[in-house]
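Fold and contact review
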Amino acid sequence: MKPVRFEYFAPQSIDEALDLLSQHGSDAKVLAGGQSLMPLMNMRLSRPAIIVDINRLQGLDKVETEPGGAITCGALVRHRTLEQATDVGGPAPVLAYAARHIGHSQIRNRGTVGGSLVHADPAAELPALAIALEAQVVLRSAAGERLLEATEFFITDLTTAIEPDELLTDMRVPGLTGDWGWGFHEVCRRDGDFALAGAVSLVRTGPSGVCDDARVTLFGVGGTPTRITAVETALVGTKLDDRTLAGAARLVEESLDPASDIHASMEYRKEVGAVVARRSLEDARTRLAVGGI
Ligand SMILES: Cc1cc2nc3c(=O)[nH]c(=O)nc-3n(C[C@H](O)[C@H](O)[C@H](O)COP(=O)(O)OP(=O)(O)OC[C@H]3O[C@@H](n4cnc5c(N)ncnc54)[C@H](O)[C@@H]3O)c2cc1C
């Protein structure tokens, strides 16, 4: 199939793009990498009358380090760029590693950070990383700018808090203080597919080797990526030994309540969720043992 007729605009500046969004509201759709929007338009599941192509906007394609190790990632940073940005410090290695799991190289060459966040597929890697890394998103409209925590931004499957007249311009990822280790695991039917279940874990230890902070985020198992706070609490105060990690995996399985669909049953997702959580925690522990991040 082909899309319904639409009018195409290619603004040269952010202000011009914001004017178009403010003028056309929900009739307009932003086009970034087109890797999710174009298939939806071709299947006529999305029928925008106006397309605002943001690919010519300057300054939104950079991954930059801020003081304290925070990272600002522009909306037009391609997944491929993020994948290669391992040397910018802070939480960059985990972002780069996760980006490598997005689709295939052709998709990563075009797909963008902003597009992935706004599309908000529950099985996508970057929304899970935004939750795990306690990122914020910057949303701009002709009326001004607002900053939202990732937890406020993702509402449910393919639904976020962005308004039709807003452009997501950046993702801001805070720096990680202290010794953190991380792990990322997902299970897909085929290489490059969306995850059936995935996990991102971050653990921090104090000087005595005892865990003093933990973040365990599961994705592909609900409407949005979710931190499993019961597991995080159970990990703090432990030495992250095998027995503790096995207990954490059991707790993940008990905490999840995924839906069954054509890709996987609820039971399968719960079991695999526990497995990827345990593997991600084991990797986080291993990275900590060799100096962290
Ligand atoms: C075969 C295939 C496999 C894939 N596998 C994966 C995978 O494993 N993991 C994964 O995460 N993704 C996967 N994707 C999706 C891919 O990552 C897309 O790049 C991503 O979902 C959307 O990014 P985009 O830049 O292409 O956005 P677009 O398709 O251009 O836009 C997506 C949505 O976001 C809106 N939008 C885009 N940018 C902005 C912005 N800056 N401000 C406001 N609104 C905006 C658009 O209006 C649209 O609603 C796959 C895609 C394909 C085709």
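Glancing now at the overall build of the chain. Per the secondary structure count, the chain includes eleven helices and 14 strands. Against the compact-globule benchmark of 19 Å for 293 residues, the chain has a radius of gyration of 19 Å, which places it among compact chains. Reported as C-alpha extents along the three principal axes, the dimensions of the chain are approximately 60 × 45 × 30 Å. Split into buried and exposed, the 293 residues of the chain put 47% on the buried side. The contacts of the chain with a sequence gap of at least 6 include a subset with a gap of at least 24, amounting to 62%.

Moving on: the site of the ligand. Among the 30 residues in the neighbourhood of the ligand, the closest are listed as Gly-33, Gly-111, Gly-114, Gly-115 and Ala-124. Of all the secondary structure elements, the ones that give two or more residues to the shell around the ligand are β2 (28-31), α2 (37-42), α6 (113-119), α7 (125-132) and β10 (167-173). It is α6 that contributes the most residues to the shell around the ligand, five residues altogether. Residue classes in the shell around the ligand are distributed as 16 nonpolar, eleven polar and three charged. When residues of the shell around the ligand are assigned to domains, at least three map to each of domain 1 (7-53) and domain 2 (63-173).

According to the domain assignment, the chain consists of domain 1 (7-53), domain 2 (63-173) and domain 3 (179-289). Inter-centroid distance (C-alpha atoms) of domain 2 to domain 3 is 21 Å. Contacts between the two partners involve 18 residues from domain 2 and, on the opposite side, 18 residues from domain 3. Per element, the largest residue contribution to the side of domain 2 that touches domain 3 is five residues, and it comes from α7. Its residues assigned to classes, the side of domain 2 that touches domain 3 shows twelve nonpolar, four polar and two charged.

This part takes up the packing of helix α10 (residues 242-255) against helix α11 (residues 266-289). Viewed as axis vectors pointing N to C, α10 and α11 meet at an angle of 145°, and their least axial separation amounts to 8 Å. The interaxial crossing formed by α10 with α11 has right-handed handedness. Residues Leu-245, Ala-246, Ala-248, Ala-249, Arg-250, Val-252 and Glu-253 of α10 lie in contact with α11, whose contacting residues are Lys-270, Glu-271, Gly-273, Ala-274, Ala-277, Arg-278, Leu-281 and Glu-282. Residue composition of the contact of α10 with α11, grouped by class: eight nonpolar, one polar and six charged.

The rules behind these values
Residues numbered from 1 in each chain as written. Predicted model: local features only at pLDDT ≥ 70, side-chain atom pairs only at ≥ 80, totals over all residues. Helix = DSSP H or I, 4+ residues; strand = E, 2+ residues; numbered from the N terminus. Rg over C-alpha atoms; globule rule 2.2 N^0.38 Å. Buried ≥ 20, exposed ≤ 12 C-beta atoms within 10 Å, placed from the backbone. Contact = placed C-beta atoms within 7 Å. Near = placed C-beta within 6 Å. Nonpolar A, V, L, I, M, F, W, Y, C, P; charged D, E, K, R; others polar. Domains from an automatic or database assignment. Axes fitted to C-alpha atoms, helices over the stretch in contact; angles between N-to-C directions. Left-handed = near helix turned anticlockwise from the far one by under 90°.

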